[in-house]
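Residue-level listing of the chains:
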Amino acid sequence: MKITTFDPLIVSPKADDVIKVFEELGFERTHAPVTDTGTMEVQSMRMKHKEGGYHVDVADVPQVPQDMTYIRMNVDNFQEAYDILIKHGFVNKKGDQTLDTNHAKEATMVSPSGFTIALIQHIK
């Protein structure tokens, strides 16, 4: 399994405010996908630092009570990564369900100590 992306994902009810902070820190908006989660559409913003080249993602989710930080991990083999996380005590927030769209397979995985990984495999 290969990890293709590994960066912070901030889920926020005030995404515009978060985006402004990162813009002032030297990040630029590069991609703004909308994902249908089955219960709502989530607009996210991929941002890249102009000089350093690293990324941060910001998702606009008005239903959350406060900002939450996840690790976004894109992989080339979802099942292998999922199995590794499960073996280490992670649980899928949706039981055994995944979000399957025409462009990705996703699961939100929570570690025994509480940190969260948004596990994603893009479908090509």
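Please refer to the structure higher up on the page.
Throughout, a residue's number is its position along its own chain's written sequence, starting from 1. Given that this is a predicted model, residues contribute local features only at a pLDDT of at least 70 and side-chain atom pairs are listed and counted only at 80 or more, while totals for whole chains, interfaces and linings are drawn from all residues. Note that water and hydrogens are dropped before the side-chain values are worked out from all heavy atoms of the structure.

Caption draft 1: Helix 2 (residues 78-87), seen in detail. The buried label applies to any residue whose accessible area, calculated with a 1.4 Å probe on protein chains only, is under 20% of its type's maximum; exposed applies above 50%, and partly exposed to all values in between. The numbering of helices and of strands both runs from the N terminus, where a helix is a DSSP run of H or I of at least 4 residues and a strand a run of E of at least 2. Within helix 2 the residues assigned to the buried category are F78, A81, Y82 and L85. Down the axis of helix 2, the sector holding all buried residues measures 100°, keeping them to one side. Tucked into the core, helix 2 has its buried residues touching strand 6 (68-75), strand 7 (91-92), strand 9 (104-110) and strand 10 (116-122). Where helix 2 starts, the residue carrying a side-chain oxygen 3.3 Å from the main-chain nitrogen of Q79 turns out to be N77. In this context, the arc is that of the directions from the helix axis out to the C-beta atoms. Note on definitions: a residue-residue contact is assigned when non-hydrogen atoms from the two residues lie within 4.5 Å. A 3.5 Å cut-off defines polar contacts: any pair of N or O atoms within that distance qualifies, except that in protein one atom must be a possible hydrogen donor and the other a possible acceptor, and neighbouring residues in sequence count only when both atoms are side-chain atoms.

Caption draft 2: The pairing of strand 6, seen in detail. By this definition, two strands are paired if DSSP reports at least two bridges between them. Sheet topology note: the strand 1 (residues 3-12)/strand 6 ladder contains 8 bridges and is antiparallel. Bridge pairing in strand 6 places I10 opposite T69. Pairing analysis gives 4 bridges linking strand 6 to strand 10, with the strands arranged parallel. The partner of R72 across the bridge, within strand 10, is A118.

Caption draft 3: Highlighting the environment of I86. Along the polypeptide, I86 turns up in helix 2. Counting along the chain gives 17 residues from I86 to T69, while the straight-line C-alpha distance between them is 20 Å.

Caption draft 4: Expanded view of a nonpolar patch on the surface. A cluster of nonpolar side chains, contributed by M1, I3, F6 and I84, occupies part of the molecular surface with about 370 Å² of accessible area. Summarising the element assignment, I3 is placed in strand 1. Residue classification places I3 among the partly exposed residues on the basis of a relative accessible area of 42%. In this analysis, a patch consists of residues with relative accessible area above 30% that form no salt bridge, clustered at 9 Å for like charges and at 5 Å for the nonpolar side chains Val, Leu, Ile, Met, Phe, Trp and Tyr. Calculation of accessible area relied on Shrake-Rupley with a 1.4 Å probe; when residues are assessed, cover is drawn exclusively from the protein chains displayed. The salt bridge definition used is simple: a Lys or Arg side-chain nitrogen within 4 Å of an Asp or Glu carboxyl oxygen.

Caption draft 5: Structural context of the pairing of strand 1. When strand 1 meets strand 5 (residues 55-60), the two strands line up parallel, connected through 4 bridges. By the bridge assignment, S12 is partnered in strand 5 with D60.

Caption draft 6: Summary view of the nonpolar core. Only buried residues count toward a nonpolar core, which is a set of Ala, Val, Leu, Ile, Met, Phe, Trp, Tyr and Cys residues joined through side-chain atoms within 4.5 Å. M73, V75, F78, A81, Y82, L85, F90, A107, M109, I117 and L119 form the largest nonpolar core, which has 11 residues in total. Take this core: its biggest share by element is 4 residues, from helix 2.

Caption draft 7: A look at the pattern of salt bridges. Taken as a whole and judged by the stated rule, the model has 4 salt bridges. Of the charged contacts, one joins R46 and D57 as a salt bridge, the two residues approaching to 3.0 Å between their closest N and O atoms. Residue R46 is located in strand 4 (residues 41-49), and its partner D57 is located in strand 5; the two are separated by 11 residues in the primary sequence. Taking the relative accessible area as the measure of exposure, R46 reaches 14% and is therefore buried. The exposure class of D57 is buried, given its relative accessible area of 3%. The partner of R72 in a salt bridge is D57, and the shortest N-O contact between them spans 2.7 Å. One end of the pair, R72, is in strand 6; the other, D57, is in strand 5, with 15 residues separating them in the sequence.

Caption draft 8: Quick look at the packing of aromatic side chains. Between the rings of Phe, Tyr and Trp (Trp by its six-membered ring), a pair exists once the centres lie within 6.5 Å; its type follows the angle of the planes, with under 30 degrees stacked, over 60 edge-to-face, and the other angles tilted. Evaluated as defined, the whole model comprises 4 aromatic pairs. Relative to F115, the ring of F90 has its centre 5.4 Å away and its plane inclined at 85°; by these criteria the two rings are edge-to-face. Residue F90 is located in the loop between helix 2 and strand 7, and its partner F115 is located in the loop between strand 9 and strand 10; the two are separated by 25 residues in the primary sequence. F115 gets classed as partly exposed once you look at its relative accessible area, which sits at 41%.

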